[in-house]
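Secondary and tertiary structure notes
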Amino acid sequence: MESALTARDRVGVQDFVLLENYNSEATFIENLRRRFRENLIYTYIGSVLVSVNPYKELEIYSKQQMERYRGVSFYEISPHIYAISDNTYRAMRTERRDQCILISGESGAGKTEASKKILLYFAVTCPTNNHMVTLGDRLLQSNPVLEAFGNAKTLRNDNSSRFGKYMDIQFDFKGATMGGHILNYLLEKSRVVHQNHGERNFHIFYQLLDGGDDDLLNTLNLERNPHSYRYLVKGSCARVSSISDKNNWRVVRKALDVIGFTAEEVQKLLNIIASVLHLGNTLFGEGEEGETYIITETQLSNAAKLLGVDGSALKEALTHKKLTAKGEEMISPLNFEQAVSARDALAKAVYGRTFNWLVEKINQSLALKEEIYHSSKDASVIGLLDIYGFEVLQHNSFEQFCINYCNEKLQQLFIELTLRSEQEEYETEGIAWETVQYFDNKIICDLIEEKHKGIISILDEECLRPGETCDISFLEKLEDIVGGHPHFITHKLANGKTRRVMSREEFRLLHYAGEVNYNVNGFLDKNNDLLNRNLKEVMCQSENQILSHCFRREEVIDQKRPEMAASQFKNSLMKLMEILMSKEPSYVRCIKPNDTKQPGRFDEVLVRHQVKYLGLMENLRVRRAGFAYRRRFEAFLQRYKPLCPETWPNWNGKLADGVSALVNHLGYKPEEYKLGRSKIFIRFPKTLFATEDALEAKKPEIALTLQKSWRGYRERANYQRIRHAVIVIQSGWRGMKARRRAKRRREAAQLIRRFIKGFICRHEEYCDDNDYFLDHVRCSFLKHLRKNLPRSVLDKSWPTPPALLVEASEHLQMLHMRNMVIKYCRRVQPEWKKQMMQKVVASEIFKDQKGSYPHSVGRLFLDTRLEREQISLKVLQTLGSEKVQYGVAVIKYDRRGFKPRPRQLLLTNSFAVLVDRTKIKQRLDYAALRGVSVSSLCDGMVVLHMPWEDNKQKGDAVLHCSHVIELVTKLAMMASKTNYVNINPGCIRFGVSRTKEGIIDFVRGSELKVAKGKRGHLLVTAPQISAT
Ligand SMILES: Nc1ncnc2c1ncn2[C@@H]1O[C@H](COP(=O)(O)OP(=O)(O)OP(=O)(O)O)[C@@H](O)[C@H]1O
Ligand SMILES: [Mg+2]
């Protein structure tokens, strides 16, 4: 139909609505058959799912399949039970309305399987949390347990549900499962004591015997062979090849644990199951006087033990009944038949009530936990109804009557909600159309359930009526009251032909699904569902907690008659209808393809019958009567809008106008469609197919557009993301920077403030107010000082210290100077040191005293001015060991005539000698030296004053030397007589002889001149010499 379906999916039509020849049942069945042949077991009629039992495992229930259907529109994919499930789930979530899925069909058509698939779909695909995982498990595991206790092999179905089941699955507002609740309807209890040929008792009996281990069976006093138990062999087929009781036992045991049964509860439960088997084997004998006794004491005591009741009390209760007449209690013995039926009634009651307890227990385990319950105001529910299908057996009894009545009710509901609502839809949409006739089974429902006049009322009345009543009297009453009803026939009322196939104990109902003959035998008993009072009393005292819970003491005390079984069933059905009516229904109509449970066999007669009674043709006709197809405007527009430029990509006007524009563009003819108030109705499938084909053809173009937009969107989104990230980073970074700057500013302001405050208080004691400023002043002075330290000892500069550092500064200056001096001294060479020392001495002697001194400062003193070769060898020999330390050429002036004579002046360590070429003329001992005189001018005159007392001396020596500073310095140093050097500004007096004194006058002149002056003085004219 729509979207990309595979070729296989397109076998036949996947929605019957699209059948051209929709009136033909043959076409309908042919479509079913074609699809069935291809294992396409699902087909829609609009929103109703028709499912044909494949009787084989198909590969269509995998997890991948579930994912395929998840969130996909109903029509876009091949029909499937998952599509219905998903659609229901989504409707529940989007519309917030409770939903229900009604699964109907006859026995063996696949209802239970369908319900399990739906449950599994929810369990797998719905969101979960830890609690929900357990809950999902419990929901799923409730199935094998209920099936073991409530299902049995019948002729129609190896796993036939013998009870009705309605399950509510509760979802929270997020769509996660959060609870469940099961309602069970009328278990076919009679099966416990009797089975038709080819049928079995409930599975659990066989599972226990086959699967239970030896110990377990021993404790239950059971034998493994089912044929040992009378209740299990009535149908003569205790073993069935298609059923593995052993495996199923394992599954059930595990499921009981998952659901939360304790080991003790399981034991108690199995005790009850075993007790039923022992009860079944309890046989009665008949005494000569008609009294009844038990012949199988062991079986009875086993049963009593397992039931947890007193053996003799049970024995008594099985063979006697208690009557109350006129306020007095009487005990009367039971005859053989009565005892047998009392035993069977007990077995049925025990099993039936235990089954109810089981459901109750499962409900407790599925119940919403308290805290979830309170937070689940928005919870929604999906109901799942899997109830026994319409059943026609060889012999139909009370159970079949109830089952078929239930199916009538469900059909009623289907008619109400589907056929009628369909027709109402045309009305509400304002579409003119002709009403389709369909069979309304209300008449049959009324026949059964009407108050006072209905079959159930008549049955109840007959049960309650005083006097002799029996099943036949009930039949007669029926004939009296409903005899004229068109859907009711008895042997008496029937025509000849029918009479032949009806017994006198039967009545026939013409059900919507077919005719069924009911045998009235046992109707009253089963409706009464009575258990002798004394049996009830015994059971009340049971030590088995399950039984004491099931058999309440109040029941014995309460004299009020309990409700009859049929009424009870009717009332519970009414309630069920109410529940279902309050929900949005979806339908699964199951069809059984053959009676032999064979895969691949399609029995046309059987299918036609089901198609008929399920009302599928009417369903289809109503769907198609006016129009084969309808869609809400928005859905139609949404799907096909790409086909019209006006509506693509978006239509902004009214929906109806958009659809109009679209169909006009597509060229729909007026007779092909109608526009309702909110839906478009398309008359012929081919119109829709053509539209669909056009959409298929358009899809590549749409895909391209979508691709483009998607890529654009993705890139834009990516860009936006990056941009956003950049902005975030930027703002973060900027923020951080600004904060840092602000912090710095704040700190700077504080600093400045502190600085100013410090400046103001700079003269105060060192305190908090001025510490920073003062530290800063100190620090900056020290830093400044570091960069401006004098680099040489001669550099006397020193930065001016702030007031508070004067002392420290002086200290530092001194240290620095010392340091420089030390460093300088370390660098000085010995000869240089000698030079320095001489220069220092020269400075001490001459500085600021003698005019020629500054001139000498820059000139180095030499070690000697005379080379060794210049000194006469003879002189040197004369000097002997005394080494000449210094020699210089001098001019000696005679003391008297001042005649100049060139001489060499040689200094040794202890004396000086004046040498005239090879001859020492005069020896001057340092020790005797009285003094040395020089002028303050720039001349080379030097007078060496000799002692007078020494006769050998010839008086003071008047010398002229070009290196007078050097000479005098060395002489003074060698003689250690630096203090003996006199510097005379104007004249020098010298001793000519002991008594006579000579004078040397010094005057300034342009050049050096030494001559005899006036008054016999020696006149020395000294030139001016600049310091450089
Ligand atoms: N979808 C399916 N796939 C495979 N087998 C199926 C399917 N549906 C049903 N069956 C087979 O058919 C049998 C009967 O199905 P199921 O028990 O669901 O019938 P039912 O309608 O519940 O009958 P009843 O009314 O007797 O309970 C199953 O045991 C199973 O073997
Ligand atoms: Mg079933």
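Residues numbered from 1 in each chain as written. Chains lettered and ligands numbered in written order. Predicted model: local features only at pLDDT ≥ 70, side-chain atom pairs only at ≥ 80, totals over all residues. Heavy atoms only, no water.

**Some details on the overall build of the protein chain**
Check the secondary structure of the protein chain and you find 35 helices and 31 strands. Scaling as 2.2 N^0.38, a compact globule of 1028 residues should have a C-alpha radius of gyration of about 31 Å, whereas the protein chain reaches 68 Å, well beyond that. For the protein chain, the residues scored as buried account for 50% of the 1028 residues in total. A separation of at least 24 residues holds for 64% of the contacts in the protein chain among residues at least 6 apart in sequence. (Helix = DSSP H or I, 4+ residues; strand = E, 2+ residues; numbered from the N terminus. Rg over C-alpha atoms; globule rule 2.2 N^0.38 Å. Buried < 20%, exposed > 50% of the residue type's maximum accessible area, 1.4 Å probe, protein only. Contact = heavy atoms within 4.5 Å.)

**Some words on the domain arrangement of the protein chain**
Many descriptions give the size of an interface as the accessible area lost when the pieces come together. Each domain of the protein chain was delimited in the assignment, giving domain 1 (401–520), domain 2 (632–740) and domain 3 (836–1023). Distance between the C-alpha centres of domain 1 and domain 2: 54 Å. Taken together, the contact pairs seven residues of domain 1 with seven residues of domain 2. Where domain 1 abuts domain 2, roughly 560 Å² becomes buried across the two surfaces, and 51% of that area is made up of carbon and sulfur atoms. When residues of domain 1 are sorted by the area they lose upon contact with domain 2, Glu425, Glu429 and Ile431 head the list and together hold 75% of the total. Inspection of the domain 1/domain 2 interface yields one salt bridge. For Glu425, the salt bridge is made with Lys679, and the minimal N-O distance between the two is 1.9 Å. Across the side of domain 1 that touches domain 2, the residue classes tally to two nonpolar, two polar and three charged. (Domains from an automatic or database assignment. Buried area = accessible area lost by both parts, 1.4 Å probe. Salt bridge = Lys/Arg side-chain N within 4 Å of Asp/Glu carboxyl O. Nonpolar A, V, L, I, M, F, W, Y, C, P; charged D, E, K, R; others polar.)

**So, the sheet that holds strand 6 (residues 164–171)**
Spatially, the seven strands line up as an open sheet ordered 1-2-16-3-12-6-7, and their pairing is mixed. Each edge of the sheet is formed by a strand with only one pairing partner; in this case those strands are strand 1 (42–45) and strand 7 (177–185). Each strand of the sheet is rotated relative to its neighbour by a mean of 20°, with strand direction disregarded. Strand direction decides the pairing type here: strand 3 (residues 99–105) and strand 12 (residues 380–386), joined by five bridges, are parallel. (Pairing = 2+ DSSP bridges. Axes fitted to C-alpha atoms, helices over the stretch in contact; angles between N-to-C directions.)

**Section: the sheet that holds strand 19 (residues 679–682)**
What the three strands build is an open sheet, ordered 17-19-18; its pairing is antiparallel. The sheet terminates laterally at strand 17 (629–632) and strand 18 (673–675), the two strands that pair on one side only. The mean angle between the axes of side-by-side strands here comes to 15°, regardless of whether they run parallel or antiparallel. Summarising the sheet, strand 17 and strand 19 pair through four bridges and their orientation is antiparallel. Among the inter-strand pairings, Arg632 is bridged to a residue of strand 19, identified as Lys679. Contacts from helix 28 (residues 655–666) reach strand 18 and strand 19 within the one sheet, and its direction differs from that of strand 18 by about 160°.

**Description of the pairing of strand 30 (residues 1009–1012)**
Here strand 30 runs beside strand 31 (residues 1018–1023); their pairing, made up of four bridges, is antiparallel. Along strand 31, the bridge assignment pairs Ala1011 with Leu1019.

**Looking at the coordination of the magnesium ion (ligand 2)**
Taken together, the protein ligands of the magnesium ion (ligand 2) are Thr112 (OG1) and Ser161 (OG), with distances of 1.8 to 2.0 Å. Taken as a pair, Thr112 in helix 4 (residues 111–125) and Ser161 in strand 5 (residues 160–161) lie far apart in primary sequence, 49 residues in all. The class for Thr112 is buried, based on a relative accessible area of 12%. By relative accessible area, Ser161 is classed as buried at 10%. (Donors = N, O, S within 2.8 Å, 3.2 Å for Na, K, Ca; no water.)

**Remarks on a negative patch on the surface**
A grouping of Glu286, Glu288, Glu289, Glu291 and Glu337 is seen on the molecular surface, where their side chains present a negatively charged patch. Residue class for Glu337 comes out exposed when judged on its relative accessible area of 54%. (Patch = residues over 30% accessible without salt bridge, like charges linked within 9 Å, V, L, I, M, F, W, Y side chains within 5 Å. Areas by Shrake-Rupley, 256 points an atom, 1.4 Å probe, with all protein chains shown as cover. Lys, Arg positive; Asp, Glu negative; His and termini not counted. Charge placed at Lys NZ, Arg CZ, Asp CG, Glu CD.)

**Regarding the packing of helix 10 (residues 263–280) against helix 13 (residues 336–366)**
For any two helices packed against each other, one specifies the inter-axial angle together with the distance between the axes. Two elements in contact, helix 10 and helix 13, have axes whose closest approach is 9 Å; the angle formed by their N-to-C orientations is 160°. When the interaxial angle is binned, helix 10 and helix 13 end up roughly antiparallel. In the packing of helix 10 onto helix 13, the handedness of the crossing is left-handed. Contact with helix 10, carried on its side by Glu265, Leu269, Ile272, Ile273, Val276, Leu279 and Gly280, involves Arg343, Leu346, Ala347, Val350, Tyr351, Thr354, Trp357, Leu358 and Lys361 of helix 13 and no other residues of that element. (Parallel < 35°, antiparallel > 145°, perpendicular 65-115°, else oblique. Left-handed = near helix turned anticlockwise from the far one by under 90°.)

**Concerning the pattern of salt bridges**
Taken as a whole and assessed by the stated rule, the structure comprises 54 salt bridges. The salt bridge partner of Glu461 is Lys477, with a shortest N-O separation of 3.8 Å. Of the two residues, Glu461 is situated in helix 17 (residues 455–464) and Lys477 in helix 18 (residues 471–482); the sequence distance between them amounts to 16 residues. Note on Glu461: relative accessible area 36%, which makes it partly exposed.

**A short note on the site of ligand 1**
Taken together, 18 residues lie near ligand 1, and Ser107, Lys111, Thr112, Ser160 and Ser161 sit nearest. Here an oxygen atom of ligand 1 sits 2.6 Å away from a polar atom, N or O, in the side chain of Ser107. Within the backbone of Asn159, an N or O atom sits 3.4 Å from an oxygen atom of ligand 1. Here ligand 1 has 630 Å² of accessible area as a free molecule, and 89% of this is covered by the chains. Elements with a minimum of two residues in the shell around ligand 1: helix 4 and strand 5. Take the shell around ligand 1: its biggest share by element is three residues, from helix 4. Partitioning the shell around ligand 1 into residue classes produces four nonpolar, ten polar and four charged. (Near = heavy atom within 4 Å. Polar contact = N/O pair within 3.5 Å; in protein donor to acceptor, adjacent residues only side chain to side chain.)

**Comments concerning the packing of helix 1 (residues 25–37) against helix 25 (residues 604–613)**
As a packed pair, helix 1 and helix 25 sit with axes 11 Å apart at the nearest point and diverge in direction by 115°. Considering the relative orientation of helix 1 and helix 25, their crossing is right-handed. Residues Glu25, Phe28, Ile29, Leu32 and Arg33 of helix 1 touch helix 25, and the partners they reach there are Glu604, Val607, Arg608, Val611 and Lys612. Among the residues making up the contact of helix 1 with helix 25, the classes are represented as five nonpolar, no polar and five charged.

**Description of unusual backbone geometry**
Between Trp648 and the following residue, Pro649, the backbone shows a cis peptide bond with an omega angle of 0°. Along the polypeptide, Pro649 turns up in the loop between helix 27 (633–640) and helix 28. Here Asp848, not a glycine, exhibits a phi torsion of approximately 65°, which is positive. Structurally, Asp848 can be placed in the loop between helix 32 (830–846) and helix 33 (853–857). A residue is classified by how much of its surface remains accessible, and Asp848, at 72% relative accessible area, is exposed.

**Quick notes on a positive patch on the surface**
Taken together, the side chains of Arg734, Lys737, Arg740, Arg741, Arg744 and Arg745 make up a positively charged region of the molecular surface. With respect to the element layout, Arg744 can be found in helix 29 (residues 685–760). On the accessibility criterion, Arg744 (54% relative accessible area) is exposed.

**Overview of the side chain of Asn404**
Residue position: Asn404 is located in helix 15 (residues 398–429). The exposure class of Asn404 is buried, given its relative accessible area of 0%. Of the polar contacts made by the side chain of Asn404, one reaches the side chain of Tyr518; its length is 2.8 Å. Those residues within four positions of Asn404 in sequence are excluded, and the remaining contacts are Phe390, Glu391, His511, Val516 and Tyr518.

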